[in-house]
Amino acid sequence: MKTQKERRHLKNQLTKQFALYDGLVNKASEVLQQYTCSSECSALCCKLNPICFEQKEYYKILEAVDAGNKALIEERTIKLQSVQIFDAKEYGKEIVQLIEDNGPFKTFLAPCPLLNGSDKCSIYQNRPSVCRRYPFEFARFDLFKDFSESVFMLKACDIGIEVAFDYGCWQILSNSGDVSTTLHIVLEFFKGWAKYRTLKEMPTCAMVIDEPNTALEGLLEYIISNQIKIRLARRCALLRFVGQHLDKSPSEDEIAELLADIKKLQ
Ligand code: SF4
Ligand code: SF4
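Quick caveat: nothing in here was measured; it's all calculated off a predicted structure.

## Concerning the side chain of His245
(1) Moving on: Tracing the backbone through its elements, the reader meets His245 in the loop between α11 (228-244) and α12 (252-264).
(2) Moving on: Note on His245: relative accessible area 2%, which makes it buried.
(3) Moving on: Looking at His245, its side chain comes within polar contact range of the main-chain oxygen of Phe241, at 2.7 Å.

## Considerations on the site of ligand 1
(1) Moving on: Contacts to ligand 1 come from Cys37, Cys41, Ala43, Cys45, Tyr134, Cys157, Asp158, Ile159 and Tyr196.
(2) Moving on: In terms of residue class, the shell around ligand 1 is built from 8 nonpolar, no polar and 1 charged.

## Some remarks on the nonpolar core
(1) Moving on: Ranked by size, the top nonpolar core spans 49 residues in total, and within it Val31, Phe136, Phe152, Leu154, Val163 and Phe189 carry the most contacts.
(2) Moving on: Put simply, the parts of the chain that give this core at least two residues each are α1 (4-32), β4 (136-139), β5 (151-155), α8 (158-173), α9 (179-199), α10 (212-225), α11 and α12.
(3) Moving on: Looking at this core, the element that brings in the most residues is α8, giving 9 residues.
(4) Moving on: In this structure, Leu62, Phe108, Leu114 and Val130 belong to the second largest nonpolar core, which totals 13 residues.

## Considering α1
(1) Moving on: For α1, spanning 29 residues, the distance from its first C-alpha to its last is 42 Å, which sits close to the expected 42 Å at 1.5 Å a residue.
(2) Moving on: Taken residue by residue, α1 has Leu10, Leu14, Gln17, Phe18, Tyr21, Leu24, Val25, Ala28, Ser29, Val31 and Leu32 as its buried positions.

## Quick notes on the side chain of Arg231
(1) Moving on: As for its position among the elements, Arg231 is in helix α11.
(2) Moving on: Of the residues examined, Arg231 reaches a relative accessible area of 4% and is grouped as buried.
(3) Moving on: Excluding its chain neighbours within four sequence positions, the residues that come into contact with Arg231 are Tyr35, Asp166, Tyr222, Ile223 and Asn226.

## A look at the site of ligand 2
(1) Moving on: What surrounds ligand 2 is the set Cys46, Ile51, Cys112, Leu114, Leu115, Cys121, Ile123, Pro128 and Cys131.
(2) Moving on: The residue makeup of the shell around ligand 2, split by class, is 9 nonpolar, no polar and no charged.

## A word on the packing of α8 against α11
(1) Moving on: For the pair α8 and α11, the least separation of the axes is 9 Å and the interaxial angle reads 95 degrees. It follows from the interaxial angle that α8 and α11 lie roughly perpendicular. Seen from α8, the contacting residues are Glu162, Phe165, Asp166, Gly168, Cys169 and Leu173; seen from α11, they are Arg231, Arg234, Arg235, Leu238, Leu239 and Val242.
(2) Moving on: Looking at side-chain class alone, the contact of α8 with α11 contains 6 nonpolar, 1 polar and 5 charged residues.

## What to know about the domain arrangement of the protein chain
When the parts come together, some accessible area is lost, and that loss is often what is quoted as the size of the interface.
(1) Moving on: Splitting the protein chain by domain gives domain 1 (50-133) and domain 2 (155-264).
(2) Moving on: Once you take the C-alpha centre of each, domain 1 and domain 2 turn out to be 33 Å apart.

## Focus: the pattern of salt bridges
(1) Moving on: Within this structure, the stated rule accounts for 16 salt bridges.
(2) Moving on: Residues Asp22 and Lys56 are paired through a salt bridge, measuring 3.6 Å at the closest nitrogen-oxygen approach. Pair noted here: Asp22 is in helix α1 and Lys56 is in helix α3 (residues 55-64), with a separation of 34 residues, a long-range link.
(3) Moving on: In this structure Asp22 comes out as partly exposed when scored by relative accessible area, which is 30%.

The rules behind the values
Residues numbered from 1 in each chain as written. Chains lettered and ligands numbered in written order. Predicted model: local features only at pLDDT ≥ 70, side-chain atom pairs only at ≥ 80, totals over all residues. Heavy atoms only, no water. Helix = DSSP H or I, 4+ residues; strand = E, 2+ residues; numbered from the N terminus. Buried < 20%, exposed > 50% of the residue type's maximum accessible area, 1.4 Å probe, protein only. Polar contact = N/O pair within 3.5 Å; in protein donor to acceptor, adjacent residues only side chain to side chain. Near = heavy atom within 4 Å. Nonpolar A, V, L, I, M, F, W, Y, C, P; charged D, E, K, R; others polar. Core = buried A, V, L, I, M, F, W, Y, C linked by side-chain atoms within 4.5 Å. Expected span 1.5 Å × (residues − 1). Contact = heavy atoms within 4.5 Å. Axes fitted to C-alpha atoms, helices over the stretch in contact; angles between N-to-C directions. Parallel < 35°, antiparallel > 145°, perpendicular 65-115°, else oblique. Domains from an automatic or database assignment. Salt bridge = Lys/Arg side-chain N within 4 Å of Asp/Glu carboxyl O.

Here is the structure:
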């Protein structure tokens, strides 16, 4: 058993990590409220991905649904056995409870049984955080390491591609990072999305988002402060550029031309 000091230290660290995680989910969800799912998509995320619940939301959902859905949920979910719970045991019951309350707890087998016949979520207001932030994904951090080692990413579904193009335009306009790297990332993401659209399989392509807190705040600010028609025009300029460079790297002159095109769209 760990000492009291070690237990207190881990408890503080975990509490901080879970709060940061909840903050990111809320920000991601705020960004996603600015987008609408494509009518051509037919809720592929709900059909293809296994859905993970945290314990606290699982019971909240059970309370909110009718008897039929309650039975469906109980029948179709399986309990996850987190290896971190095993490691946490030497820190005592309080830490085990904290991880159980906040960590992945149950998973639905896909397709999600809560999707109704019109491809709408029957528990939309109470849907779990994994659904509220999709296509943003969070590679669950190792609870015993620093939060900064976690990976936040964007998956290549139909909303994902719109977000990625706005993200690319925002990065270019805000001079964050190297432009050719940004363009390369958007280009590869586009290729991944095109493959997913053809195969209609679970998207395997994902864009890693560095410094997610800053990125989500910047992206939200970009979306809110630019009219949709301006954002669409910039996305189109970027899409044209991507289309012309699927098989060949852009020259410096071509990149400069794109930058000028995007910047003049005000
Ligand atoms: S989040 Fe993506 S996969 Fe899910 S319904 Fe919307 S566009 Fe489709
Ligand atoms: S809970 Fe709702 S949003 Fe989440 S996967 Fe199921 S149907 Fe889709």
